[in-house]
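Residue-level listing of the chains:
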Amino acid sequence: MSLNFSFSSEHVAVRDTVRRLCQDELAPLVFDAEETETFPKHVFKRWGELGLLGVRYPEADGGSGLDKISDCIVREELSYMSQAFASTWSAHTHLGIWPIWKTGTPLQKERFLKPALAGEKVAGFGLSEPDGGSNVRAMKTRAEKVEGGWRLHGSKLYITNAPFADFLLVAARTRPELAPQSISLFIVELPNAGFEISKLKKEGIRSSETALIHIDGAFVPDDCLLGEAEGTYPVILESLSENRVGVAANAIGMARAAFDAALSFSNDRIVAGKRVGDYQAIAHKLAEMSAQIEAARWLVYYGAWCVDQGTLDAAMAARVKLVASETAVSVSEQAIRILGGAGIMREYPVGRIHRDALVYVIGEGTSEIQKNIIARSLGFKP
Ligand SMILES: Cc1cc2nc3c(=O)[nH]c(=O)nc-3n(C[C@H](O)[C@H](O)[C@H](O)COP(=O)(O)OP(=O)(O)OC[C@H]3O[C@@H](n4cnc5c(N)ncnc54)[C@H](O)[C@@H]3O)c2cc1C
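Everything numeric here is computed off the predicted structure, so don't read it as measured data.

Some remarks on the overall build of the chain
Argument step 1. The secondary structure content of the chain amounts to eleven helices and ten strands.
Argument step 2. Expected size for 382 residues packed as a compact globule is a radius of gyration near 21 Å; at 21 Å, the chain falls within 12% of this value.
Argument step 3. If you line up the chain on its principal axes, its C-alpha atoms span 80 × 50 × 40 Å.
Argument step 4. Here the contacts in the chain between residues at least 6 apart in sequence split such that 73% fall between residues at least 24 apart.

Written out as structure tokens, the structure is:
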């Protein structure tokens, strides 16, 4: 009987590969990407070459055949460098791909999954709408059957990667008279004459490109319906649960980056003849931040382990996401305070990290929604 808290040598190799890639090739792109609010799309090719887009997918489907723990390690390292880069990666490699891997036909996997894993096509996922962000059941986008396919009408809001994606998974109602959870998923290749995509300006994860989409009679051929019509709600829920563990790993990467910046400042900055870290108030902040990160980090890897064992449930995914995302917000706020005025300056990363962390107490289900899920598992009806 043993309880093993160590990464395997394979996990360490994944971490070192991503760390090197970030330090040598990606980090120099981050500042300009943030300032111009534009993602350098060519990075997808490099991620594909290194097998980083298919970390947790089987080799038979074009993936790297590793596990969810490896996926979380990649996320932690990418987010340590830039959450905008990591969000772009996550919307592609999980949200836009996972349902195809789970329910796609062999032909759909050949056309969409394999090129996406190779970095040749970029994916995104369109679920949220102006009237239905937290409440997916309020979704209004509909798909009407026409000869040879479907025509989509509606709108999608805050869709990551949409400004440059090659395809999006779009959720729609094929029979609005059915129960609210009767949702279908379509693979929509872009550009599509019925899609008007407007890029949004954001405070957080600025170089992750996000859009509002008006859908006006967009034609989607029959072979781009994913899974059963009206039958993909359980797939969407399972995908969101797994991704909550993933974005929790992203949050840990952000928290660690903010902490390291605060630690190094606390060592270097001298105020009234004393290192800032030697003031008890600052030392206690750092101590608390390191404890918060350590606790959240092991919860995240426990969640990843549950995914690998096939035992993750929605409440555990919600706990992991809630704790990790709130940790990133709290730690990055404390980091700004520790840096004083420097914390507000763009040459230091902590302000950016705090803006980025706030996205993650909202995206992938707000903290309030995570608490609702947990409360329901306790027998309450919030
Ligand atoms: C940068 C960014 C990228 C995103 N990318 C994508 C993407 O790629 N694809 C996609 O489909 N979506 C995406 N989203 C959408 C995201 O999932 C939603 O923003 C999120 O689910 C919240 O929905 P909302 O913004 O409509 O907030 P609302 O649902 O309007 O919520 C407003 C407030 O009310 C609270 N609230 C709502 N319902 C309840 C309730 N039942 N109980 C308690 N409180 C409640 C919320 O917690 C929140 O505080 C993205 C969002 C952001 C910010």
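As for the domain arrangement of the chain
Many structure descriptions define interface size as the accessible area lost when the parts assemble.
Argument step 1. Looking at the assigned domains, one finds that the chain contains domain 1 (9-117), domain 2 (123-226) and domain 3 (233-377).
Argument step 2. Here the C-alpha centroids of domain 2 and domain 3 sit 30 Å apart.
Argument step 3. Residue-level contacts link eight residues of domain 2 with eight residues of domain 3.
Argument step 4. Looking at the side of domain 2 that touches domain 3, its residues break down into four nonpolar, three polar and one charged.

Some remarks on the packing of helix α3 (residues 68-81) against helix α4 (residues 83-95)
Argument step 1. For the pair α3 and α4, the least separation of the axes is 6 Å and the interaxial angle reads 140 degrees. Along the contact surface, α3 presents Arg75, Leu78, Ser79 and Met81, while α4 presents Gln83, Phe85, Ala86, Trp89 and Ser90.
Argument step 2. A breakdown of the residues in the contact of α3 with α4 according to their chemical character gives five nonpolar, three polar and one charged.

Looking at the nonpolar core
Argument step 1. Counting 113 residues, the largest nonpolar core has Phe186, Val245, Ala251, Ala258, Val300 and Ala324 as the members making the most contacts within it.
Argument step 2. Ranked by the residues each element gives to this core, the list is headed by helix α7 (residues 233-268), at 16 residues.
Argument step 3. Once you skip the residues sitting within four places of it in the chain, Ala324 turns out to touch Ala248, Ala251, Ile252, Ala296, Leu299 and Val300.

Examining the sheet that holds strand β3 (residues 149-160)
Argument step 1. A sheet is described by the order of its strands in space; here four strands give the open sequence β2-β3-β7-β6, paired in antiparallel fashion. The outermost strands of the open sheet, each flanked by one partner alone, are β2 (142-146) and β6 (195-199). The sheet shows a mean angle of 15 degrees between the axes of neighbouring strands, taken without regard to direction.
Argument step 2. Strand direction decides the pairing type here: β2 and β3, joined by five bridges, are antiparallel. Looking at β3, one finds that Arg142 is bridged to His153.

Some remarks on the packing of α7 against helix α9 (residues 314-339)
Argument step 1. The geometry of α7 relative to α9 is characterised by a closest axis approach of 8 Å and an angle of 20 degrees between their N-to-C directions. On the basis of their axis angle, the class for α7 and α9 is roughly parallel. Both α7 and α9 take part in a crossing whose hand is left-handed.
Argument step 2. Classifying every residue of the contact of α7 with α9 gives 22 nonpolar, five polar and two charged.

A few points about α9
Argument step 1. Given a rise of 1.5 Å per residue, 26 residues ought to cover 38 Å, and the 38 Å separating the end C-alpha atoms of α9 matches this to within 8%.
Argument step 2. Burial within α9 is extensive, with 19 of its 26 residues counted as buried.
Argument step 3. Among the residues trailing α9, Gly340 stands out with phi positive, at a value near 60 degrees.

Describing the site of the ligand
Argument step 1. The immediate surroundings of the ligand are formed by 24 residues, with Leu127, Gly133, Ser134, Thr366 and Glu368 found nearest.
Argument step 2. Looking at the shell around the ligand, the elements with two or more residues in it are α4, β1 (123-126), β3 and α11 (367-377).
Argument step 3. Across the shell around the ligand, the residue classes break down as ten nonpolar, eleven polar and three charged.
Argument step 4. Counting residues domain by domain, the shell around the ligand receives three or more from each of domain 2 (123-226) and domain 3 (233-377).

What to know about the environment of Met289
Argument step 1. Locating Met289 in the fold gives a position in helix α8 (residues 280-309).
Argument step 2. Excluding anything up to four places from it in sequence, Met289 contacts Phe259, Val331 and Gln334.

Quick look at the sheet that holds strand β4 (residues 167-172)
Argument step 1. Read across the sheet, four strands follow the order β1-β4-β5-β8 without closing on themselves; strand pairing throughout is mixed. Pairing within the sheet leaves two strands with one partner each, and these edge strands are β1 and β8 (225-226).

A look at unusual backbone geometry
Most peptide bonds take the trans form, and the phi angle of most residues other than glycine is negative.
Argument step 1. With an omega dihedral of 0 degrees, the bond running from Leu190 to Pro191 counts as a cis peptide bond.
Argument step 2. Relative to the elements of secondary structure, Pro191 occurs in the loop between β5 (184-189) and β6.
Argument step 3. Not every positive phi belongs to a glycine, and Asn161 is a case in point at roughly 75 degrees.
Argument step 4. Mapped onto the elements, Asn161 comes out in the loop between β3 and β4.
Argument step 5. Not every positive phi belongs to a glycine, and Glu230 is a case in point at roughly 60 degrees.
Argument step 6. Structurally, Glu230 is set in the loop between β8 and α7.

Rules of the game
- Residues numbered from 1 in each chain as written.
- Predicted model: local features only at pLDDT ≥ 70, side-chain atom pairs only at ≥ 80, totals over all residues.
- Helix = DSSP H or I, 4+ residues; strand = E, 2+ residues; numbered from the N terminus.
- Rg over C-alpha atoms; globule rule 2.2 N^0.38 Å.
- Contact = placed C-beta atoms within 7 Å.
- Domains from an automatic or database assignment.
- Nonpolar A, V, L, I, M, F, W, Y, C, P; charged D, E, K, R; others polar.
- Axes fitted to C-alpha atoms, helices over the stretch in contact; angles between N-to-C directions.
- Core = buried A, V, L, I, M, F, W, Y, C linked by C-beta atoms within 7 Å.
- Buried ≥ 20, exposed ≤ 12 C-beta atoms within 10 Å, placed from the backbone.
- Pairing = 2+ DSSP bridges.
- Parallel < 35°, antiparallel > 145°, perpendicular 65-115°, else oblique.
- Left-handed = near helix turned anticlockwise from the far one by under 90°.
- Expected span 1.5 Å × (residues − 1).
- Near = placed C-beta within 6 Å.

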